[in-house]
Every structure is written in structure tokens, then in C-alpha cells.
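# An overview of the molecular structure
What follows is each chain in one-letter form.
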Amino acid sequence: MTFNINTLGCKVNAYESSVMSDLLKNAGYKEVGINDIADISIINTCTVTNTADNKSLKAIRSAYKKNKNAIIIVTGCTVQNKKEIWKSMKEANIVFGNIGKSNIVKYIEEYKKNKKQIIDIKDIMHTEFETMKLNNFDKTRAFVKIEDGCNNFCTFCIIPYTRGNIRCKEPRDVIEEVETLVKNGHKEVVLTGIHTGHYGFDNYSFADLLESLIKIDGLERLRISSIEMNELNEDVLNIFKKSNILVDHLHIPLQSGSDKILKLMNRKYLKEDFINKIEEIRNIRPNISITTDVIAGFPNETEEDFNEMIETIKKINFSKLHVFPYSRRTGTPADKMNNQIDGKIKKERVKKLLELSKTLEQNYMKKFLNKEVIFIPEAYRDGYLIGHTGNYLLIKAKGNESELHKDKKVIIKDINYPYCTN
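It should be emphasised that the depicted structure is a prediction, and the values quoted were computed from it without experimental measurement. (Residues numbered from 1 in each chain as written. Predicted model: local features only at pLDDT ≥ 70, side-chain atom pairs only at ≥ 80, totals over all residues. Heavy atoms only, no water.)

When its secondary structure is counted, the protein shows 12 helices and 22 strands. If you line up the protein on its principal axes, its C-alpha atoms span 60 × 60 × 50 Å. With 422 residues in all, the protein has 55% of them scored as buried. With an accessible surface of roughly 19400 Å², the protein has 47% of that area assigned to carbon and sulfur atoms. Taking the 66 positively charged and 57 negatively charged side chains of the protein as two groups, their mean positions are separated by 5 Å. (Helix = DSSP H or I, 4+ residues; strand = E, 2+ residues; numbered from the N terminus. Buried < 20%, exposed > 50% of the residue type's maximum accessible area, 1.4 Å probe, protein only. Areas by Shrake-Rupley, 256 points an atom, 1.4 Å probe, with all protein chains shown as cover. Lys, Arg positive; Asp, Glu negative; His and termini not counted. Charge placed at Lys NZ, Arg CZ, Asp CG, Glu CD.)

And the structure:
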């Protein structure tokens, strides 16, 4: 039987989809593209915004319309967030949330045997880490999920309710997974989780894990997918000081540059704390790329608050912004706040932030004009190799297919956004 997987949302979802794909292939199923007609269609959903929910539901209906005889499997965050809708959704044959993705084969075999809808949505708030292992040996960059869940409860965010309590993969399991990936040709590993920097056990911290991983023979790059500002403590930064295996790139969510809005968001810092931390990081790594997330139009965000955020962003001088309009999520404190912002105003603010992001990104790229960089080609198209440097510059350089997944040195001669070219 054939299957496809439509993955929406974050890198954690992408990792979990890759694990499901591996498990199905190992069980004898054949993967096809998401635009192909498949016997089994899996939709790994996202609920971070209303738009994400709508995309998830649209993907389910699209899969059903394409092949009404397919086994439609729905999993992920929308399932956890909207438990009440699945019994009445005829398109969904197998439904489970963010627990059970490693049991994908068992779910399918049970459905094939009984031909009855399976709905298995477990309590996410008090659970153990579901250990998964990725055996994906055909790409340069590999994601390794080390943590799940979040206890921060930012007032705008539904994710703690759909991903549950913080739980972590055992250190030995992380190290073994990375060692296996490196032995099979991966040069870069990206550590990912819902709240990655909160990784740890009683006597073993996130810094301890980084210390263990940088010692793995053959690992060229170690990247943290995202980390909160206050988790970049002295122990973590000391590893950045001593090891170039940790790349010159950090994604650190800011969310707002206004102290008033940060407090309303229940973020755990003020803007000066954030600015000071960035200065500390740049004292260690002067050319580091620092990217961020920002939300436009949070409740009570005045024009003055928005302008304050613009000035904070400029002062920090990020290399790229990931911009989101505030999305009301039922069940979160922000949903009940007064002074919700008009949609038109949110769109205008998003547009301004995106324009600023492009300027910041181009300014950062220009710093590397006429400089030699090393990138790892990930794709080959029309005589060009495309890939990223350690600091996440996107390079497009002449080459041939035999150079894929191997270190390549180039001198950046031009900026053709979004590429640096030679």
C-alpha cells in the first residue's frame, strides 16, 4: 500500500512525520508525494493560529476528495485542541493527537482489520516522553527531537494545552541518535523541541547535552532550532565560546519590543534584558546571525507600542524576523483581553515588519560580500548548488550534482535576494 504525509506547522511536527514515514517504510509501505493519490493519507496538523487550523481541516477534506477510498489519518495539535469534532467528521478514519505517532503502523493494521473509525486522543497534560528515533539517511541536515511540551503559558499561546507538560528524551538516546545520523553521512544536526532550551534532568542540563554532542566524531554542525533568551545561561554560552561546532546562528523569540506588551504576554523578560543578552552573545560571536519571532497586533498594542517594537528590533539588529499577526485562540488568557486589534491594523503592522525584516536580512548578507564561506549543498537545480552556511546564509553557487552534501567553499560576490551568489 502507498502512503503520503502532509505536515503542517513546526520542526517538531516535521521530525515526527519523518519518524512515521520511516516506520511505515520499514513495515513495507511505499511513500508517494502529497499531490499523488495514496492508499493512506496522513495529515499531521498544526493549531498555532486559526489559519493553521483552517489549513489542517482543508488538507483533510482535500485528501478525502482526492481518494474517498483512502485511509485518512489525522494527528497532531489540531486533534488535541478540537477533540469534539472528530466523531462527526466522516473523512477521518484514524484520529490520534500528539501521543501515539510511534504507533502509526499498529493503528493502520487495526483499522484494516476492523474497518471502524479509531479515535484515540490521550490526556496530554501528564505524560512521559514518547521516544522516537529518526533513521533518515538521505539528507545533509537532520532534526533530532530532544524535548516536548511547554510550561511557559504565554497568554497568546495554545501550544502548552496541545503539547502538554515538559518531558525530555534520555541523554543516551539523544547521543546514540546523533551518532547514528553522523555515521550515515549527516554533517549537521538540529536540536528541536517545543521548548528546546528547557531540556534537562535532575543532574543533567541542556549545557551538559551540548557538551556531550560536540564531542561526537564527524559532527560538523550543531544547531539549536529555537531557544528562549533566559535559557542562554553562562554554561550554554561557554560552549559557544569554546566550540565552533555550535553554528553562528541562534533563533531567539522576542515576540514584542514593548515592556507593556511583554508583561501582557506573560513573557519572562523585559526588553532591556533581551538587549543585554544579545550584546553578551555578540561579544562571544560577533558575526552571529540572530533571528526572531514577533507578533503584530496583540491586544492593547497601541501605535506607540508598535513603534517601540520597531525601534527595539532595529536596536537589536536581528538578521531576520518571523512575523505573525496575533491570532485569538479560545482557551487562552489573551482571547479574553479587552482592546482586541482590528484585522486591518494587524495586516498593516505585519507588512511593516516584513519590510523591515527584508532590510535587516539584506544588511546581514552584505556583511559577507567578497568573503569566503563554507556551505553544504542540499539541492541541485539547473547547474547550481543550493544550501546554507553555518550562520544560515542561503547560497546559490555553480557546481555539479556530485558535490551535494559535501563542504564547498565559495566567495560571495553578489546578493540576489534571497540568495548569496558567487
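Text resumes after the structure shown.
With their axes 11 Å apart at the nearest point, helix 11 (residues 303-316) and helix 12 (residues 343-366) run at an angle of 10 degrees to one another. Judged on the interaxial angle alone, helix 12 and helix 11 are roughly parallel. On helix 12, the residues that touch Glu303, Phe306, Met309, Ile310, Ile313 and Lys314 of helix 11 are Arg349, Lys352, Leu353, Leu356 and Leu360. (Axes fitted to C-alpha atoms, helices over the stretch in contact; angles between N-to-C directions. Parallel < 35°, antiparallel > 145°, perpendicular 65-115°, else oblique. Contact = heavy atoms within 4.5 Å.)

Of the pairings in the sheet, the one linking strand 1 (residues 2-7) to strand 2 (residues 30-31) comprises 2 bridges and is parallel in character. The residue bridging Thr2 from the neighbouring strand is Lys30, located in strand 2. As a crossover connection, the stretch from strand 1 through helix 1 (residues 11-26) into strand 2 is right-handed. Bridge count for strand 1 against strand 3 (residues 40-45) is 5 bridges, and the pairing is parallel. Following the sheet pairing, Asn4 is matched in strand 3 by Ser41. (Pairing = 2+ DSSP bridges. Right-handed = clockwise from strand over helix to strand, strands pointing away.)

Attention now moves to the pairing of strand 20 (residues 408-411). Across the two faces of strand 20 the burial differs, with Lys408 and Val410 buried and Lys409 and Ile411 not buried at all. In terms of strand pairing, strand 17 (residues 372-381) meets strand 20 through 4 bridges, oriented antiparallel. Counterpart to Ile374 in the pairing with strand 20 is Lys409.

This part takes up the sheet that holds strand 7 (residues 141-145). Strands sit in the order 7-10-13 across an open sheet of 3 strands; the sheet is parallel. Strands with a single pairing partner mark the edges of an open sheet, and in this sheet they are strand 7 and strand 13 (221-224). Pairwise comparison of adjacent strand axes, ignoring direction, gives a mean angle of 25 degrees for this sheet. Pairing between strand 10 (residues 188-192) and strand 13: 4 bridges, direction parallel. Looking across to strand 13, one finds that Val190 is bridged to Arg223.

Each aromatic ring pair is specified by the distance between its two centres and by the angle formed by the two planes. Tallying each qualifying case throughout the model produces 8 aromatic pairs. Relative to Tyr107, the ring of Phe96 lies with its centre 4.5 Å away and its plane at 15 degrees, an arrangement referred to as stacked. Of the two residues, Phe96 is situated in strand 5 (residues 94-96) and Tyr107 in helix 4 (residues 104-114); the sequence distance between them amounts to 11 residues. Accessibility assignment for this pair places Phe96 and Tyr107 in one class, buried. One aromatic cluster in this structure is built from Phe156, Phe298 and Tyr326. (Phe/Tyr/Trp six-rings, centres within 6.5 Å; stacked < 30°, edge-to-face > 60°.)

So, about the nonpolar core. Residues Leu222, Ile252, Ile313 and Leu353 are the most contacted members of the largest nonpolar core, which totals 58 residues. Apart from residues no more than four positions distant in its own chain, Leu353 is found in contact with Val294, Ala296, Phe306, Met309, Ile310, Ile313, Leu321 and Val323. (Core = buried A, V, L, I, M, F, W, Y, C linked by side-chain atoms within 4.5 Å.)

Now for the packing of helix 7 (residues 206-213) against helix 8 (residues 234-242). The contact between helix 7 and helix 8 brings their axes to 8 Å, and the two run at 20 degrees. By the angle class used here, helix 7 and helix 8 are roughly parallel. The hand of the helix 7/helix 8 crossing is left-handed. Only Asp235, Val236, Ile239 and Lys242 of helix 8 make contact with helix 7, whose side of the interface consists of Phe206, Ala207, Leu210 and Glu211. A breakdown of the residues in the contact of helix 7 with helix 8 according to their chemical character gives 5 nonpolar, no polar and 3 charged. (Left-handed = near helix turned anticlockwise from the far one by under 90°. Nonpolar A, V, L, I, M, F, W, Y, C, P; charged D, E, K, R; others polar.)

With that settled, consider the pattern of salt bridges. Taken as a whole and judged by the stated rule, the model has 30 salt bridges. Among the ionic pairs, Glu280 bridges to Lys277, the shortest N-O distance being 3.4 Å. With Glu280 and Lys277 both in helix 10 (residues 271-284), this residue pair falls 3 residues apart, about one helical turn. Salt-bridge contacts for Arg349 lead to Glu301; the nearest nitrogen and oxygen are separated by 2.8 Å. Taken together, the positions of Arg349 in helix 12 and Glu301 in the loop between strand 15 (289-296) and helix 11 put the pair 48 residues apart, joining distant regions of the chain. We classify Glu301 as buried; its relative accessible area is 2%. (Salt bridge = Lys/Arg side-chain N within 4 Å of Asp/Glu carboxyl O.)

Before going further, it helps to spend a moment on the environment of Arg172. Among the structural elements, Arg172 can be located in helix 6 (residues 171-183). For the pair Arg172 and Leu209, spaced 37 residues apart in sequence, the C-alpha separation works out to 9.5 Å.

With that settled, consider the sheet that holds strand 2. With respect to topology, 6 strands assemble into an open sheet ordered 2-1-3-4-5-6, the strand pairing being parallel. For this open sheet the edge positions go to strand 2 and strand 6 (118-120), each flanked by a neighbour on one side alone. Bridge count for strand 4 (residues 71-76) against strand 5 is 2 bridges, and the pairing is parallel. Each residue of the ladder has a partner; that of Ile73, found in strand 5, is Ile94. Along the sheet face, helix 1 touches strand 1, strand 2, strand 3 and strand 4 and points at about 175 degrees away from the line of strand 1. Its contacts with the sheet put helix 2 (residues 50-66) on strand 1, strand 3 and strand 4, and the angle it makes with strand 3 is roughly 175 degrees.

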